[in-house]
Amino acid sequence: MAAASFTAPKIIQPLNFRSSSSYEKPLFDSVKSIPTSNFLRSVQRFHLSKSPISISHQFRSFSTSVVAVSEVVKEKKSKSSASSTSNLLITKEEGLVLYEDMTLGRVFEDMCAQMYYRGKMFGFVHLYNGQEAVSTGFIKLLTKADSVVSTYRDHVHALSKGVPARQVMSELFGKATGCCRGQGGSMHMFSKEHNVLGGFAFIGEGIPVATGAAFTSKYKREALGENCDDVTIAFFGDGTCNNGQFYECLNMAALWKLPIIFVVENNLWAIGMSHLRATSDPAIWKKGPAFGMPGYHVDGMDVLKVREVAKEAVDRARRGEGPTLVECETYRFRGHSLADPDELRDPAEKAHYSTRDPIVALKKYLLENNLATEADLKAIEKKIEEIVEEAVEFADESPAPHRSQLLENVFADPKGFGIGPDGKYRCEDPKFTEGTAQV
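Residues numbered from 1 in each chain as written. Predicted model: local features only at pLDDT ≥ 70, side-chain atom pairs only at ≥ 80, totals over all residues. Heavy atoms only, no water.

1. Looking at the overall build of the chain
Alright, step 1. Looking only at helices and strands, one finds 14 helices and eight strands in the chain.
Alright, step 2. The long-range fraction of contacts in the chain, counting pairs at least 24 apart against all pairs at least 6 apart in sequence, stands at 72%.
Alright, step 3. Surface exposure of the chain reaches about 20,100 Å², of which carbon and sulfur atoms provide 54%. (Helix = DSSP H or I, 4+ residues; strand = E, 2+ residues; numbered from the N terminus. Contact = heavy atoms within 4.5 Å. Areas by Shrake-Rupley, 256 points an atom, 1.4 Å probe, with all protein chains shown as cover.)

2. Re the environment of Gln405
Alright, step 1. Inspection of the secondary structure assignment puts Gln405 in the loop between α13 (374-397) and α14 (430-434).
Alright, step 2. Along the chain, Gln405 and Gln183 lie 222 residues apart, while their C-alpha atoms are 8.6 Å from each other.
Alright, step 3. One polar contact links Gln405 to Gln183, side chain to side chain, over a distance of 3.0 Å. (Polar contact = N/O pair within 3.5 Å; in protein donor to acceptor, adjacent residues only side chain to side chain.)

3. Thoughts on a nonpolar patch on the surface
Alright, step 1. A cluster of nonpolar residues, Phe215, Tyr219, Leu224, Met252, Leu255 and Trp256, forms a patch on the protein surface that exposes about 600 Å² of accessible area.
Alright, step 2. Listing elements by their share of the nonpolar patch, those giving two or more residues are α6 (206-222) and α7 (244-256).
Alright, step 3. Mapped onto the elements of the fold, Tyr219 is located in helix α6.
Alright, step 4. What makes Tyr219 partly exposed here is its relative accessible area of 44%. (Patch = residues over 30% accessible without salt bridge, like charges linked within 9 Å, V, L, I, M, F, W, Y side chains within 5 Å. Salt bridge = Lys/Arg side-chain N within 4 Å of Asp/Glu carboxyl O. Buried < 20%, exposed > 50% of the residue type's maximum accessible area, 1.4 Å probe, protein only.)

4. A short note on the packing of aromatic side chains
Alright, step 1. For the structure shown, the criterion picks out eight aromatic pairs.
Alright, step 2. With a centroid separation of 5.3 Å and 50 degrees between ring planes, the pair formed by Phe215 and Trp256 is classed as tilted. Taken together, the residues Phe215 in helix α6 and Trp256 in helix α7 connect sequence positions 41 residues apart.
Alright, step 3. By relative accessible area, Phe215 is classed as partly exposed at 35%.
Alright, step 4. Overall, the relative accessible area of 37% leaves Trp256 in the partly exposed class. (Phe/Tyr/Trp six-rings, centres within 6.5 Å; stacked < 30°, edge-to-face > 60°.)

5. Observations regarding the packing of helix α2 (residues 92-117) against helix α5 (residues 165-172)
Alright, step 1. Where α2 meets α5, the closest approach of the two axes is 12 Å, and the angle between their N-to-C directions is 25 degrees. Considered as vectors, α2 and α5 are oriented roughly parallel to each other. The crossing of α2 and α5 is right-handed. Contacts between α2 and α5 involve Phe108, Met111 and Cys112 on the former and, on the latter, Ala165, Val168, Met169 and Leu172. (Axes fitted to C-alpha atoms, helices over the stretch in contact; angles between N-to-C directions. Parallel < 35°, antiparallel > 145°, perpendicular 65-115°, else oblique. Left-handed = near helix turned anticlockwise from the far one by under 90°.)

6. Here's the deal with unusual backbone geometry
It is generally the case that most residues other than glycine have a negative phi and that most peptide bonds are trans.
Alright, step 1. With a phi angle near 55 degrees, Asn195 is a residue other than glycine that sits in the positive phi range.
Alright, step 2. Mapped onto the secondary structure, Asn195 falls in the loop between α5 and α6.
Alright, step 3. Its identity is not glycine, yet Ile271 carries a phi of approximately 55 degrees, on the positive side.
Alright, step 4. Its relative accessible area of 51% is what places Ile271 among the exposed residues.

7. Structural notes on the confidence of the model for the chain
Alright, step 1. Summary statistics for the chain give a mean pLDDT of 82 and a share of 76% for residues scoring 70 or more.
Alright, step 2. Note on residues 1-74: pLDDT is under 50 here. Beyond four places in sequence and across chains, it has 161 contacts. (pLDDT = per-residue confidence, 0-100.)

Here it is in structure tokens:
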């Protein structure tokens, strides 16, 4: 059905949310809609009109449409049933790709924990366990030319985008064979080849970079006349959504109709601060319509639901229709970092979300719908274990960066300061470090 267009501002009433220790309800129900709900663990479908909204409709510049993933899944099922006897959202090949990518993320991060506690990694290491459905659901829909901007929890985003596991592990080990030659570490994964435009240690820091990348795509197409439909995805957490860069970039992206998807990985906690305590209105998705772009609230523990919304958002961006804000409600299974004893979160809350493991859920779906056999999945798991073990061996045996890298990527004009007239690094001149060298 066609979406309603709004020429006058619509007031969206705040949701009636409360902090509760009850976890008996699922996050979302893809079929039923109920009249009221809490924000967290919601099963409500959000829309602004009495009729369901088709999110494939071309949104006008300042119309605001809000739907939940249930509308998308229901629409997809309706379309597929009209042309096929199957209501499955994925093919066997697609399902196996999703399972392999999510398994790679989980096994890799588990290995990172082992290596960290064995002293192979240093500094802060933030793991992604539990959130794999978000990375896989979005990034596996992208092309190599599309860009991804991450946060300090960036290992799995890099893996999903195609950066080899051995390069990511080597970077974590601080080795010269890492994707940043050992100079980035855990929080700063970058790959020009795969258009991974960095992990960023400070929250909100990557959103302007992603907005700039999206502007580049639009400029190439509209100013330079190039055939460019590249899109950018900016990943960030719920804690970022109270920072100024977030709002500034939402405004700029909507104003210029940039091909970007803002993906909020709402794992409910900003280190030890509950999302409910830190935000006046916890429904982050509503900030999208406030700036004239669609806002979606998605079950981030279900890769198929994430994937369906991601398809619509990515296609919308490629068509030149502008940005989308997607809030994925998810949960991390470990502490904020490996230095976090994780004593602040309610054990009942952690137990509840552990039963909603996204990899277990996908495995069940594949088996129940005859998209894979136990042997298929076992083969994938064995393959991933071998890849990760080889990555560790490669990283451990790789050389440390040479000290000649010390001043690289530090000075804009290294020959004017970092390198002397003789071609040697100034830092190697004792007089330079003493402050007596002629510069």
